[in-house]
Amino acid sequence: MNGGDGASSYARNSSYQRGAIEAAEALLRNEINTRLDITNHSFSSFTIADFGCSSGPNTILAVDIIIQALYHKFTSSLPNTTTPQFQVFFNDVPHTDFNALFALLPPQRPYFVAGVPGSFYGNLFPKAHLNLAYSSCALCWLSDLPPELTDRSSPAYNRGRIHYTGASAEVVQAYSYQYKKDIKLFLHARSQELAENGLMALIVPGVPDGFLDCQEASTGSEFDLLGSCLMDMAREGVIKEEEVDSFNLPIYYPTPKELEDVIRSNGELKIDKMETLGSMGAQDTMPDLQSRVLYLRAVLEGLVRTHFGHQILDDLFDRYALKLAHSSFILQPQTHKSIMIFALLSRCHDI
């Protein structure tokens, strides 16, 4: 994600992700109020962690929603006791612009904050340390790419593409396997860190069940368009075709069934609630061409720069804008098939 507050920063171009948090707000408030057990416990402090916070204002919105719900829970359930102090940990990978995030924090916030750099696919906190864990729109990022994507001898060699949409079944399977392996690591780490009566709330970008089996999965996606721009540049000699072949986006969108199956197979956290928030209406959160281009650039520019160099960035996204302007992906918003999956988890009692 692009840090800072510039024109192509994530902070300025994450309205789609903000829409997911707003869509889940009522669920978050209700589930905290009805499922959080505080009656037989004494809290001097209450610890919250946001996994995959990034560097924009969305994480602050989510924390505000959670803190408000917690205040309501404590004051209504335990009116004669002192509300505990709230400690919020913001976690993301080390190159996240934590300075930009902290600059957005309200000065009179009702909680203490700390940054925790590191991959959330491993342990980050002491055992039973967290009362409430939260992650929004981050669990589509893989910890690493399947190595067979760039192995010319592998059936999953992803030549001429930068993602799995429209690719061979072997490529899709390689992505899916890596995703399931990552989520198992994530769930295991959180099961160790979550307090006995703690809760874990997830908002996971996904696609409908059966989506990858249908023809729609092979055409029209933003990643396909960006990949075709890179291939055009390779044909023109601006970059090498081998560079495109070795560039794959570490992003996977699960179906609700995939996510449910991997959570249930984990055996350490159980599903208290799971539902689909529905289509997020990208045409509403990103109503014009420029906002769609800046959204993708804010998310992917760092990956492109690292692999191809900064010299191609403006050319690449100018080409992408031209293709997007004539694509059904923006001309026909109903072709946008992404969904958001809400899941509330808690520890199994027998672990």
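Residues numbered from 1 in each chain as written. Predicted model: local features only at pLDDT ≥ 70, side-chain atom pairs only at ≥ 80, totals over all residues. Heavy atoms only, no water.

Moving on, we get to the overall build of the chain. Helix and strand counts for the chain come out as eleven helices and seven strands. Evaluated residue by residue, the chain yields a buried proportion of 54% over its 351 residues. Counted over contacts in the chain with a minimum sequence separation of 6, partners at least 24 positions apart contribute 82%. Summed over its atoms, the accessible surface of the chain is roughly 15300 Å², and 50% of this surface lies on carbon and sulfur atoms. (Helix = DSSP H or I, 4+ residues; strand = E, 2+ residues; numbered from the N terminus. Buried < 20%, exposed > 50% of the residue type's maximum accessible area, 1.4 Å probe, protein only. Contact = heavy atoms within 4.5 Å. Areas by Shrake-Rupley, 256 points an atom, 1.4 Å probe, with all protein chains shown as cover.)

Moving on to the confidence of the model for the chain. In the predicted model, the chain carries a mean pLDDT of 87, and 87% of its residues have values of at least 70. The least confident element of the chain is helix α8 (residues 282-285), whose mean pLDDT is 53; the most confident is strand β2 (residues 85-92), at 96. When the criterion is pLDDT under 50, residues 215-220 qualifies, and its contacts beyond four places in sequence or with other chains add up to eleven contacts. (pLDDT = per-residue confidence, 0-100.)

So, about the pattern of salt bridges. Evaluation of the coordinates by the stated rule reveals 17 salt bridges. A salt bridge links arginine 264 to glutamate 260, with the shortest nitrogen-to-oxygen separation between them at 2.9 Å. Of this pair, arginine 264 and glutamate 260 both sit in helix α7 (residues 256-266), four residues apart, which is roughly one turn of that helix. A network of salt bridges, in which partner residues are shared, links Arg297, Glu301, Arg305 and Asp314. (Salt bridge = Lys/Arg side-chain N within 4 Å of Asp/Glu carboxyl O.)

Here we come to the pairing of strand β5 (residues 194-206). Consecutive side chains along a regular strand alternate between the two faces of the sheet. Along β5, eleven of the 13 residues are buried, which leaves the element largely enclosed by surrounding structure. Pairing between strand β4 (residues 130-136) and β5: six bridges, direction parallel. Paired with leucine 130 across the two strands is leucine 194, which belongs to β5. Note on the crossover from β4 through helix α4 (residues 169-193) to β5: the handedness is right-handed. As defined by bridge partners, β5 adjoins strand β7 (residues 339-347) across eight bridges and the pair is classed as antiparallel. Note on β7: the bridge partner recorded for valine 204 is isoleucine 341. (Pairing = 2+ DSSP bridges. Right-handed = clockwise from strand over helix to strand, strands pointing away.)

Bridge count between β2 and strand β3 (residues 112-117): six bridges; the pairing is parallel. Bridged to phenylalanine 90 within β3 is glycine 115. Considered for its hand, the β-α-β crossover made up of β2, helix α3 (residues 98-103) and β3 is right-handed.

Right, let's get into the side chain of aspartate 92. As for its position among the elements, aspartate 92 is in strand β2. With no salt bridge to any partner, buried aspartate 92 finds its closest opposite charge in arginine 190, at an N-O distance of 11 Å. A polar atom in the side chain of aspartate 92 sits 2.7 Å from the backbone nitrogen of serine 54. (Lys, Arg positive; Asp, Glu negative; His and termini not counted. Polar contact = N/O pair within 3.5 Å; in protein donor to acceptor, adjacent residues only side chain to side chain.)

In this structure, Phe46, Ile48, Tyr134, Leu230, Leu300, Leu316 and Tyr320 are the most contacted members of the largest nonpolar core, which totals 70 residues. Here this core takes ten residues from helix α2 (residues 58-77), the largest share from any one element. In this structure, Leu139, Val172, Leu259 and Ile263 belong to the second largest nonpolar core, which totals 37 residues. (Core = buried A, V, L, I, M, F, W, Y, C linked by side-chain atoms within 4.5 Å.)

Attention now moves to unusual backbone geometry. You will see that alanine 128, though not glycine, has its phi angle at about 55 degrees, which is positive. Mapped onto the elements, alanine 128 comes out in the loop between β3 and β4. Taking the relative accessible area as the measure of exposure, alanine 128 reaches 43% and is therefore partly exposed. Although it is not a glycine, cysteine 137 sits at a positive phi angle of roughly 65 degrees. Tracing the backbone shows cysteine 137 in the loop between β4 and α4.

Glancing now at the packing of helix α9 (residues 289-308) against helix α10 (residues 313-325). With their axes 10 Å apart at the nearest point, α9 and α10 run at an angle of 140 degrees to one another. Where α9 crosses over α10, the handedness of that crossing is right-handed. Across the interface between the two elements, Leu289, Arg292, Val293, Leu296, Arg297, Glu301, Val304 and Arg305 from α9 touch Leu313, Asp314, Leu316, Phe317, Tyr320, Ala321, Leu324 and Ala325 from α10. By residue class, the composition of the contact of α9 with α10 is eleven nonpolar, no polar and five charged. (Axes fitted to C-alpha atoms, helices over the stretch in contact; angles between N-to-C directions. Left-handed = near helix turned anticlockwise from the far one by under 90°. Nonpolar A, V, L, I, M, F, W, Y, C, P; charged D, E, K, R; others polar.)

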